[in-house]
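# Geometric and topological summary
Read off the chains here:
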Amino acid sequence: MTTSTNSNLYTVMNERKSVRVYDPNFQITRAEIEDMLKQATTAPSSSNLQPWNFLVIQDQDVKKELRAIAFNQEQVETSSAIIAVLGNSEMYKNVEQVYTQNVAEGHMDESVKETMIANTNAVYPNAPKETRMNIATFDAGLVSMQLMLIAKERGYDTVPMGGFDKAKFADRFELPENIFPIVLIALGKAAAPAHGSSRLPLEEISRFM
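Here the structure is a predicted model, which means the values were calculated and not measured.

### Describing the pairing of strand β4 (residues 179-188)
- The buried fraction of β4 is high, at 10 of 10 residues.
- Examined bridge by bridge, strand β3 (residues 157-161) and β4 share 5 bridges and lie antiparallel to one another. Paired with M161 across the bridge in β4 is L184.

Next comes the structure, spelled out in structure tokens:
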């Protein structure tokens, strides 16, 4: 079966570029950012524990501070907002809320809920913190990609930034021990075209068996 590459999904995927020059006068409302984040959180996550948090920074003075923490990247200050995607290494503490809501919404019955909660509590708290952080980081990548595609579909531009001082970020924004920064996403309207980028040939990066 051949799938058309002319659908809106493929158009959005191909038009999304990492934009670093933004219109500093263009603003996106808090309500729309909240809606984009809500849609982005339909992303999958390990055991559906949703180990992500978001810190949305729109205040210009705070963005100026953050620019210094982010190695002076201009887009931190000129984009409409910076969305810091944070991981939660104690994501298993969400388990009761997540699976109770699953039952309430009709996605599973009580017996499945109790099994899932028991399995989660048997595995996650006993896993090394590094393992749990790796899980949260992977899941944060999924929600981040969805957010960037949603933004592009609405006519906005983004760039993910891993280049920032994570220790200084955690200190400045008083993150609790279990919450850690993963990536910053600049969100706004491009003031200059993004550079195109090439991709490695598929035959060099894949094999079929």
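### Some remarks on the confidence of the model for the protein
- Overall, the prediction assigns the protein a mean pLDDT of 96, with 97% of residues at 70 or greater.
- The spread of mean pLDDT over the elements of the protein runs between helix α1 (residues 8-15), the lowest at 95, and strand β2 (residues 81-88), the highest at 99.

### A word on a nonpolar patch on the surface
- A surface patch of nonpolar side chains, amounting to about 340 Å² of accessible area, comprises L200, L202 and I205.
- Its place among the elements puts L202 in helix α9 (residues 202-205).

### Quick notes on the packing of aromatic side chains
- What the rule picks out here adds up to 3 aromatic pairs.
- Consider the rings of F26 and Y156, whose centres lie 6.0 Å apart with planes at 55°: the pair is tilted. Pair noted here: F26 is in the loop between α1 and α2 (30-40) and Y156 is in the loop between α7 (129-153) and β3, with a separation of 130 residues, a long-range link.
- Measuring from centroid to centroid gives 4.6 Å for F169 and F173, while their planes differ by 45°, and the two rings are tilted.

### A closer look at the packing of helix α5 (residues 95-104) against helix α6 (residues 110-123)
- Close contact between α5 and α6 brings their axes to 10 Å; oriented N to C, the two are set at 165°. Comparing the axis directions of α5 and α6 gives the class roughly antiparallel. Considering only the axes of α5 and α6, their crossing is right-handed. On α6, the residues that touch V95, E96, Y99, T100 and V103 of α5 are E110, K113, M116, I117, T120 and N121.
- Class assignment of the residues belonging to the contact of α5 with α6 gives a composition of 5 nonpolar, 3 polar and 3 charged.

### Considering the sheet that holds β3
- With antiparallel pairing, 4 strands are arranged side by side in an open sheet as β1-β2-β4-β3. The open sheet has two free edges, formed respectively by β1 (52-57) and β3, since each of these has just one partner strand. Direction aside, the axes of adjacent strands within the sheet are offset by 25° on average.
- Docked against the sheet, α7 engages β1, β2, β3 and β4, running at close to 10° with respect to β4.

### Considering the nonpolar core
- By size, the foremost hydrophobic cluster in this structure holds 32 residues, and its most contacted members are I33, M36, L147 and L187.
- Of all the secondary structure elements, the ones that give two or more residues to this core are α2, β2, α5, α7 and β4.
- In terms of residue count, the dominant contributor to this core is α7 (7 residues).
- Ranked by size, the runner-up nonpolar core spans 20 residues in total, among them Y22, V159, F169 and I179.

### Here we look at the environment of S197
- When you line up the elements, S197 lands in the loop between β4 and α9.
- Between the alpha carbons of S197 and E177 there is a distance of 37 Å; along the sequence they are 20 residues apart.
- In terms of polar contacts, S197 uses its side chain to reach the side chain of R199, at 2.9 Å.

### Brief notes about the pattern of salt bridges
- One pass over the full model with this rule turns up 8 salt bridges.
- A salt bridge links E90 to K93; the nearest nitrogen and oxygen atoms lie 2.9 Å apart.
- With a shortest N-O distance of 3.8 Å, E110 and K113 are connected by a salt bridge. Pair noted here: E110 and K113 are both in helix α6, with a separation of 3 residues, about one helical turn.
- Through salt bridges that share partners, E32, D35 and R154 make up one connected network.

Parameters and conventions
Residues numbered from 1 in each chain as written. Predicted model: local features only at pLDDT ≥ 70, side-chain atom pairs only at ≥ 80, totals over all residues. Heavy atoms only, no water. Buried < 20%, exposed > 50% of the residue type's maximum accessible area, 1.4 Å probe, protein only. Helix = DSSP H or I, 4+ residues; strand = E, 2+ residues; numbered from the N terminus. Pairing = 2+ DSSP bridges. pLDDT = per-residue confidence, 0-100. Patch = residues over 30% accessible without salt bridge, like charges linked within 9 Å, V, L, I, M, F, W, Y side chains within 5 Å. Areas by Shrake-Rupley, 256 points an atom, 1.4 Å probe, with all protein chains shown as cover. Salt bridge = Lys/Arg side-chain N within 4 Å of Asp/Glu carboxyl O. Phe/Tyr/Trp six-rings, centres within 6.5 Å; stacked < 30°, edge-to-face > 60°. Axes fitted to C-alpha atoms, helices over the stretch in contact; angles between N-to-C directions. Parallel < 35°, antiparallel > 145°, perpendicular 65-115°, else oblique. Left-handed = near helix turned anticlockwise from the far one by under 90°. Contact = heavy atoms within 4.5 Å. Nonpolar A, V, L, I, M, F, W, Y, C, P; charged D, E, K, R; others polar. Core = buried A, V, L, I, M, F, W, Y, C linked by side-chain atoms within 4.5 Å. Polar contact = N/O pair within 3.5 Å; in protein donor to acceptor, adjacent residues only side chain to side chain.

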